[in-house]
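Listed below are the residues making up each chain.
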Amino acid sequence: FGCGKNVYKAPNVVNLDVVPGDGINVVTSEKQLPFSDNTFDFIIANHVLEHVPNWFETMKELSRVLKTGGVIEIWIPPISSDSAFSYRDHINRIGFESFAGSKDMRRAGTNVLAAEEFKLVGDFAKLSLVWRGNRLRMFWWLLILPVCLANWAAEHLRNVVSEEGFKFVKGE
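Quick notes on the rules
Residues numbered from 1 in each chain as written. Predicted model: local features only at pLDDT ≥ 70, side-chain atom pairs only at ≥ 80, totals over all residues. Heavy atoms only, no water. Helix = DSSP H or I, 4+ residues; strand = E, 2+ residues; numbered from the N terminus. Rg over C-alpha atoms; globule rule 2.2 N^0.38 Å. Buried < 20%, exposed > 50% of the residue type's maximum accessible area, 1.4 Å probe, protein only. Contact = heavy atoms within 4.5 Å. Areas by Shrake-Rupley, 256 points an atom, 1.4 Å probe, with all protein chains shown as cover. Lys, Arg positive; Asp, Glu negative; His and termini not counted. Charge placed at Lys NZ, Arg CZ, Asp CG, Glu CD. 1 Å grid on protein atoms, 1.4 Å probe; cavity = no way out; pocket = protein on both sides within 12 Å on 5 of 7 lines; lining within 4 Å. Points joined across faces, edges and corners; volume = space filled by probe spheres on them. Nonpolar A, V, L, I, M, F, W, Y, C, P; charged D, E, K, R; others polar. Core = buried A, V, L, I, M, F, W, Y, C linked by side-chain atoms within 4.5 Å. Arc of directions from axis to C-beta. Pairing = 2+ DSSP bridges. Patch = residues over 30% accessible without salt bridge, like charges linked within 9 Å, V, L, I, M, F, W, Y side chains within 5 Å. Salt bridge = Lys/Arg side-chain N within 4 Å of Asp/Glu carboxyl O. Phe/Tyr/Trp six-rings, centres within 6.5 Å; stacked < 30°, edge-to-face > 60°.

Enquirer: For this particular structure, what's the right way to read the overall build of the chain?
Expert: Counting secondary structure elements, the chain contains five helices and six strands. Sequence-ordered secondary structure for the chain, helices as α and strands as β, is β-β-β-α-β-α-α-β-α-α-β. Here the chain has a C-alpha radius of gyration of 17 Å; the compact-globule value for 172 residues is 16 Å, and the two agree. Dimensions of the chain, computed from the C-alpha atoms along their principal axes, are close to 50 × 50 × 30 Å. Expressed as a percentage of the 172 residues in the chain, the buried residues total 41%. A separation of at least 24 residues holds for 67% of the contacts in the chain among residues at least 6 apart in sequence. When the accessible surface of the chain is summed, it comes to about 10400 Å², and 55% of that surface belongs to carbon and sulfur atoms. In the chain, 19 side chains carry a positive charge and 20 a negative one; their mean positions are 1 Å apart.

Laid out in structure tokens, this is it:
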């Protein structure tokens, strides 16, 4: 989804973007994806959600077209990084808490607006977060740090992480 120039050349892969390009199978800028419910086993949204006007509606659409038991893998710029908003086409800042409303992830019950919004999340509520990770930037000093210190740096220092990843599995 939003493959750009990073197309996957395999017979069972659909490369989708909002502009035509080499290897792109489907071009659409519609809010609703041109696929039936429960179509895909695996969806990759690699640096897409920070670009779309309503990223949460996009997540709901991805959830809709994902089969039960399927996986959505998402990569985004980390919320603490300058790259989250430094590119002019990055219009959303998304972090771990942004996925509240998926299965097992709830916000505090004091937020009335969020409680109403959660009634409308559709298949997104069936997603369980099964993995969260990050990729560090390639600074020389990070490469020589012990893993425990590199993990600490990723949690506490700005601009150390180049991207955050999330994997969700769709349940019943």
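Enquirer: Even after reading the chapter, I still don't get the layout of surface pockets, so can you show me in this structure?
Expert: Taking a probe equal in size to a water molecule and rolling it over the atoms shows the remaining empty space. Roughly 240 Å³ of internal volume is contained in the second largest pocket. Around the second largest pocket, the lining comprises 13 residues; the ones closest to its centre are Ser80, Arg132, Ala154, Glu155 and Glu164. Across the lining of the second largest pocket, the residue classes tally to five nonpolar, four polar and four charged.

Enquirer: Mind showing me how you'd approach the nonpolar core here?
Expert: As a rule of thumb, soluble globular proteins bury nonpolar side chains together. Counting 27 residues, the largest nonpolar core has Trp55, Met59, Ile74 and Phe99 as the members making the most contacts within it. Contributions of two or more residues to this core are made by strand S3 (40-46), helix H1 (55-65), strand S4 (66-76) and strand S6 (161-170). Considering every element that reaches this core, the biggest residue donor is H1, with five residues.

Enquirer: Please explain unusual backbone geometry as it appears in this structure.
Expert: Keep in mind that most residues, glycine aside, have a negative phi and that most peptide bonds are trans. In this structure, Asn38 is a non-glycine residue whose phi angle is positive, near 55°. Non-glycine residue Asn159 carries a positive phi angle of around 60°. Within the element layout of this structure, Asn159 appears in the loop between helix H5 (147-156) and S6.

Enquirer: Any chance you could explain H5 here in plain terms?
Expert: What sets the pattern is the α-helix's 3.6 residues per turn: residues three or four places apart point alike. Turning to H5, its buried residues number three or more, namely Ala150, Ala153 and Ala154. Here the buried residues of H5 occupy an arc of 100° about the axis, which is enough to place them on one side. Within H5, the exposed residues directed more than 90 degrees away from the buried face are Cys148, Glu155 and His156. Looking at the packing, one finds that the buried side of H5 touches strand S5 (127-136), helix H4 (140-143) and S6.

Enquirer: For this particular structure, what's the right way to read the side chain of Ser128?
Expert: By the secondary structure assignment, Ser128 is in strand S5. Sequence-distant contacts of Ser128, that is, excluding residues within four places in its chain, are made with Lys103, Asp104, Lys167, Phe168 and Val169.

Enquirer: Which parts of the structure should I look at to understand the pairing of S6?
Expert: A regular strand places its side chains so that they alternate between the two faces of the sheet. For S6, the tally of buried residues reaches seven of ten residues, placing the bulk of the element in the interior. Pairing geometry for S4 and S6, over six bridges, is antiparallel. Residue pairing in the sheet places Val71 in a bridge with Val169 of S6. Summarising the sheet, S5 and S6 pair through nine bridges and their orientation is antiparallel.

Enquirer: Please explain a nonpolar patch on the surface as it appears in this structure.
Expert: A grouping of Met138, Phe139, Trp140, Trp141, Leu143, Ile144, Trp152 and Leu157 is seen on the molecular surface, where their side chains present a nonpolar patch of about 920 Å² in accessible area. Take the nonpolar patch: its biggest share by element is three residues, from H4. For Met138, the position within the fold is in the loop between S5 and H4.

Enquirer: Looking at this model, I keep getting lost on the packing of aromatic side chains. Mind explaining?
Expert: Each pair of aromatic rings is reported with the distance of its centres and the angle of its planes. Per the counting criterion, the structure on display carries eight aromatic pairs. A centroid spacing of 5.7 Å and a plane angle of 80° characterise the contact between Trp55 and Phe99, whose relative ring orientation is edge-to-face. Here Phe99 lies in the loop between helix H2 (83-86) and helix H3 (112-118) and Trp55 lies in helix H1, a separation of 44 residues in the sequence. Summarising the burial analysis for this pair, Trp55 and Phe99 share the class buried.

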